[in-house]
Amino acid sequence: GRSLVPLLTNSRYKGWENIAYSYYNKGITVRTEKYRYTRYFRKEQPVEELYDHRNDPFENNNIAGEHPEIVQQLLPAWNKGNTGLYGDGNTGMKKR
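Now for a look at the structure at hand. (Residues numbered from 1 in each chain as written. Predicted model: local features only at pLDDT ≥ 70, side-chain atom pairs only at ≥ 80, totals over all residues. Heavy atoms only, no water.)

### What about the packing of aromatic side chains?
Defined as follows: Stacked, edge-to-face and tilted labels apply to pairs of Phe, Tyr and Trp rings (six-membered ring for Trp) whose centres lie within 6.5 Å, assigned for plane angles under 30 degrees, over 60, and everything in between, in that order. Elements are defined by DSSP. Helices are runs of H or I of four residues or more, strands are runs of E of two residues or more, and each kind is numbered from the N terminus. Per-residue accessibility, obtained with a 1.4 Å probe over protein chains only, is compared with the maximum for each type, and a residue is labelled buried under 20%, exposed over 50%, and partly exposed between these values.
Applying the stated criterion to the full structure yields 2 aromatic pairs. When the centroid spacing of 5.6 Å and the interplanar angle of 35° are considered together, the rings of F41 and Y86 count as tilted. Remark: Y86 occurs in the segment after α2 (68-81) and F41 occurs in the loop between β3 (35-40) and β4 (48-52); sequence separation between them is 45 residues. Relative accessible area serves as the criterion here: at 4%, F41 is assigned to the buried category. Relative accessible area serves as the criterion here: at 23%, Y86 is assigned to the partly exposed category. Three or more aromatic residues link up through ring pairs in this structure, and these residues are F41, W78 and Y86.

This is the structure we're talking about:
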């Protein structure tokens with residue numbers, strides 16, 4: 001694990017990412033300060049969800065299809081959270 005001491009002693013510590021992960025309903029979610037991105041390991045639609053929590057805090061408008069560039073920005077963080085819990089990642093969706 002990583003020590004939390006630098007974060008606790010220096011509020012401007014640059015080595016910390018405000019990212020949270022969750023695993024639910026055969027999906028992996030990465031949550032940043034602004035977005036929530038989920039990719040599901042299933043064949044039903046949608047297999048991707050992206051919500052902008054600053055403009056849509058109640059998650060009424062899935063913007064994944066409209067903003068593939070944001071999805072691309074979040075994928076490295078999402079991949080860090082992909083522990084293999086749901087298998088090999090075959091979601092029935094096109095590779096990015």
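Resuming the write-up.
### Focus on the pairing of β4
This is how the line gets drawn: We call two strands paired when DSSP finds no fewer than two bridges between them.
Counted residue by residue, β4 has 5 buried out of 5 residues, so it is predominantly covered. What you see with β4 is no split at all: E48, L50 and D52 on one side and E49 and Y51 on the other are buried throughout. Across 5 bridges, the pairing between β3 and β4 is antiparallel. Residue pairing in the sheet places Y37 in a bridge with L50 of β4.

### Some words on the pairing of strand β2 (residues 27-31)
Within β2, 4 of the 5 residues are buried, which leaves the element mostly enclosed by the surrounding structure. With 5 bridges connecting them, strand β1 (residues 20-24) and β2 associate as antiparallel partners. In the sheet register, Y24 faces β2, and the bridge partner there is G27. Joining the antiparallel neighbours β1 and β2 is a turn of 2 residues, in which N25 adopts a positive phi near 55°. With 5 bridges joining them, β2 and β3 adopt antiparallel strand pairing. Pairing of G27 across the sheet is with Y40, part of β3. Linking β2 to β3, which pair antiparallel, is a turn of 3 residues.

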